[in-house]
Amino acid sequence: MTSFSIKTFGCRVNQAEAFSWANEFQKHGLEYKKDFSQSDLVLINTCTLTSRADSDVRGFIKKVGRLNPKARLIITGCYAEREPEELINNSQVYRVFSNTEKGNLAAEVLSVAEDNKETSILPFRSRALVKIQDGCNFRCNFCIIPSVRGRSVSVEKEEILNQVKEFINQGFKEIVLAGIHLCSYGLDLEPRSSFMDLLQEVENLDGFGRMRLSSLDPRFLTPPLLKHVTSSEKICPHFHLSLQNGSDEIIHRMGRKIDVGNYRRILAYLHQKSPLASLGADIIVGFPGESEADFGKTYSFLRQSPLTYFHVFSYSARPGTTASKWIQIDNKKKKERASFLRSLSQEKNVNFRRRFKDKECEAIIIKKGKKGAQVLTANYIKVLIPYCPEEEKREIRVKITRITHNETIGQIV
Ligand code: SF4
């Protein structure tokens, strides 16, 4: 029987694709191995968002070469789209799939794999990820994604609903909806649909538990959509927004038609209507032209905001993008700014988590390890449960007992 492992880099869309391939391969009798050094096939879903992402991919390929030289590599994703020749020249690489060929990947792999008997499905992840859309119609000046993933293409609603039903039947309590630009969902479909239509249909499925939304573009958060996501009991109170910066000048240089005043209004609304929600953001520092004054604006915006965490990225010039041709900020400055904001994020996150000390809530077991089980609450708090006899993927009720700088600890109740 052919065995496989999957290594995923980058965004939730890549994770959702990996989740779907793992499900498909196992349904057709391939054996899933967590450890890539033990599998016949190593499938790598790559990312090229930053130069760091590129080097991580290259590093992993070398590692497979050292630890599992007999494995055949199947490589796809955004780095594979951008540098296919480099990858195909590696003798261990069996096949490179461009992003547009990803749709054929499962069928092609299954056609060369041995033993296609039905088998049981091992959990690839404890939450089901469903890709609803790919690509982006915008051209933010820093972003390489549209050139490697193309324009926005939505998955047909029927297909999404069927996948969600299948995952409900497999016992998943939480579904994560993933897309490169989630809010563009449905705008390209015939008949035209919308992200909100899709949310309502998913929520109405029999036996549906809860769903978590991946990153949302604040430019698309209309009042009806904001009202819906904050009032639905099936949508996790966890909203992650692609804000990118807190200085209007930099946001405009990035080519994004929105301003910090809008960010403030959206965040205030989310915080008021969903006061227990975790509110996150992506922030880029060191974008070309970012002065000390611009950075100061980002810092004070973030400090005053109700955000509970942010993912901070040092700007990385990507080939072919507009901003890569502009005068760059030196790396030391970028690192300093990034570390400053990461400390602020940590401080805000500890304060957020402290609000839940001695509180009880439902949580899904996402991982079990030597220290115990890691569970995830609907509002995105990862809690360590030192003693947990239950299996991954199950939903349990926990009480949060201790908050440290880096950890939240609790117990089953
Ligand atoms: S940052 Fe987001 S909205 Fe802008 S081009 Fe990239 S994927 Fe599209």
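Conventions and cut-offs
- Residues numbered from 1 in each chain as written.
- Predicted model: local features only at pLDDT ≥ 70, side-chain atom pairs only at ≥ 80, totals over all residues.
- Heavy atoms only, no water.
- Helix = DSSP H or I, 4+ residues; strand = E, 2+ residues; numbered from the N terminus.
- Rg over C-alpha atoms; globule rule 2.2 N^0.38 Å.
- Buried < 20%, exposed > 50% of the residue type's maximum accessible area, 1.4 Å probe, protein only.
- Contact = heavy atoms within 4.5 Å.
- Areas by Shrake-Rupley, 256 points an atom, 1.4 Å probe, with all protein chains shown as cover.
- Lys, Arg positive; Asp, Glu negative; His and termini not counted.
- Charge placed at Lys NZ, Arg CZ, Asp CG, Glu CD.
- Pairing = 2+ DSSP bridges.
- Axes fitted to C-alpha atoms, helices over the stretch in contact; angles between N-to-C directions.
- Phe/Tyr/Trp six-rings, centres within 6.5 Å; stacked < 30°, edge-to-face > 60°.
- Lys NZ or Arg CZ within 6 Å of the ring centre and 35° of its normal.
- Near = heavy atom within 4 Å.
- Nonpolar A, V, L, I, M, F, W, Y, C, P; charged D, E, K, R; others polar.
- Salt bridge = Lys/Arg side-chain N within 4 Å of Asp/Glu carboxyl O.
- Domains from an automatic or database assignment.
- Buried area = accessible area lost by both parts, 1.4 Å probe.
- Polar contact = N/O pair within 3.5 Å; in protein donor to acceptor, adjacent residues only side chain to side chain.

## Overview of the overall build of the chain
Item 1. From N to C terminus, the chain includes 13 helices and 18 strands.
Item 2. The globule rule puts the C-alpha radius of gyration for 413 residues at 22 Å, and the 22 Å found for the chain is close to it.
Item 3. Seen through its C-alpha atoms, the chain measures out along the principal axes to roughly 60 × 55 × 50 Å.
Item 4. Relative to its full complement of 413 residues, the chain shows a buried share of 52%.
Item 5. Pairs at least 24 residues apart make up 73% of the contacts formed inside the chain by residues separated by at least 6 positions.
Item 6. Split by element, the accessible area of the chain, about 18,900 Å² in all, is 50% carbon and sulfur.
Item 7. Charge centroids of the chain, computed over 63 positive and 48 negative side chains, lie 7 Å from each other.

## A short note on the sheet that holds strand β11 (residues 238-244)
Item 1. Ordered in space as β11-β12-β13, the 3 strands form an open sheet in which the pairing is parallel. Bordering the open sheet on either side are β11 and β13 (309-314), each of which pairs with just one other strand. The mean inter-strand angle of the sheet, taken between neighbouring strand axes irrespective of direction, is 15°.
Item 2. Of the pairings in the sheet, the one linking β11 to strand β12 (residues 278-285) comprises 5 bridges and is parallel in character. The partner of H240 across the bridge, within β12, is G280.

## Remarks on the packing of aromatic side chains
The description of an aromatic ring pair uses the distance of the two centres, along with the angle that the planes make with each other.
Item 1. A full pass over the atoms with the stated rule returns 18 aromatic pairs.
Item 2. On the numbers, 5.2 Å between centres and 70° between planes, the contact of F352 with F356 is edge-to-face. The residues F352 and F356 share a single accessibility class, namely buried.
Item 3. Linked through ring pairs, F4, F19, F25, Y32, F124, F167 and F172 together constitute an aromatic cluster.
Item 4. Taking the ring centre of F97 as reference, the NZ or CZ of R95 above it sits at 4.0 Å.

## What to know about the site of the ligand
Item 1. All residues in the neighbourhood of the ligand are listed as C136, F138, C140, F142, C143, P146, I180, H181, R219 and R256.
Item 2. Its residues placed into classes, the shell around the ligand shows 7 nonpolar, 1 polar and 2 charged.

## Brief notes about the pattern of salt bridges
Item 1. Here the structure, examined in full by the defined rule, presents 31 salt bridges.
Item 2. Between R52 and D56 there is a salt bridge whose closest N-O contact spans 3.6 Å. Taken together, the residues R52 and D56, both in helix α2 (residues 51-67) and 4 residues apart, mark about one turn of the helix.
Item 3. Since its relative accessible area comes to 59%, R52 is described here as exposed.
Item 4. Note that R337 and E290 form a salt bridge whose closest N and O atoms lie 2.8 Å from each other. Separated by 47 residues along the polypeptide, R337 in helix α13 (residues 331-354) and E290 in the loop between β12 and α12 (292-304) bring together distant segments of the chain. Here the two residues R337 and E290 agree in accessibility, since each one is buried.
Item 5. Each of E290, E292, K332, K333, E336 and R337 takes part in one network of salt bridges that share partners.

## Some points on the domain arrangement of the chain
Item 1. When cut into domains, the chain gives domain 1 (3-112), domain 2 (128-354) and domain 3 (360-412).
Item 2. On a C-alpha basis, the centroid separation for the pair domain 1 and domain 2 is 26 Å.
Item 3. Facing the 20 residues of domain 1 at the interface are 22 residues of domain 2.
Item 4. The contact between domain 1 and domain 2 buries some 1,800 Å² in all, and 64% of this surface belongs to carbon and sulfur atoms.
Item 5. Of all residues in domain 1, R12, V13 and F19 bury the most surface against domain 2, accounting for 32% of the area lost on that side.
Item 6. Here E17 and R149 are joined by a salt bridge, their closest N and O atoms 3.7 Å apart.
Item 7. Remark: the boundary between domain 1 and domain 2 carries 10 residue pairs in polar contact (both at pLDDT 80 or more).
Item 8. Broken down by secondary-structure element, the contributors of at least two residues to the side of domain 1 that touches domain 2 are α1 (12-27), α2 and α3 (78-82).
Item 9. Of the residues forming the side of domain 1 that touches domain 2, the biggest block, 9 residues, is contributed by α1.

## Side note on the sheet that holds strand β3 (residues 41-46)
By way of backbone hydrogen bonds, the strands of a sheet pair with one another, either parallel or antiparallel.
Item 1. Taken in spatial order, the 5 strands of this open sheet run β2-β1-β3-β4-β5, and their pairing is parallel. One side of each edge strand has no neighbouring strand; the edge strands of this open sheet are β2 (31-32) and β5 (93-96).
Item 2. Bridge count between strand β4 (residues 72-77) and β5: 3 bridges; the pairing is parallel. Directly across from I74, in β5, lies its bridge partner R95.
Item 3. Contacts from α1 reach β1 (3-8), β2, β3 and β4 within the one sheet, and its direction differs from that of β1 by about 170°.
Item 4. Contacts from α2 reach β1, β3 and β4 within the one sheet, and its direction differs from that of β3 by about 175°.

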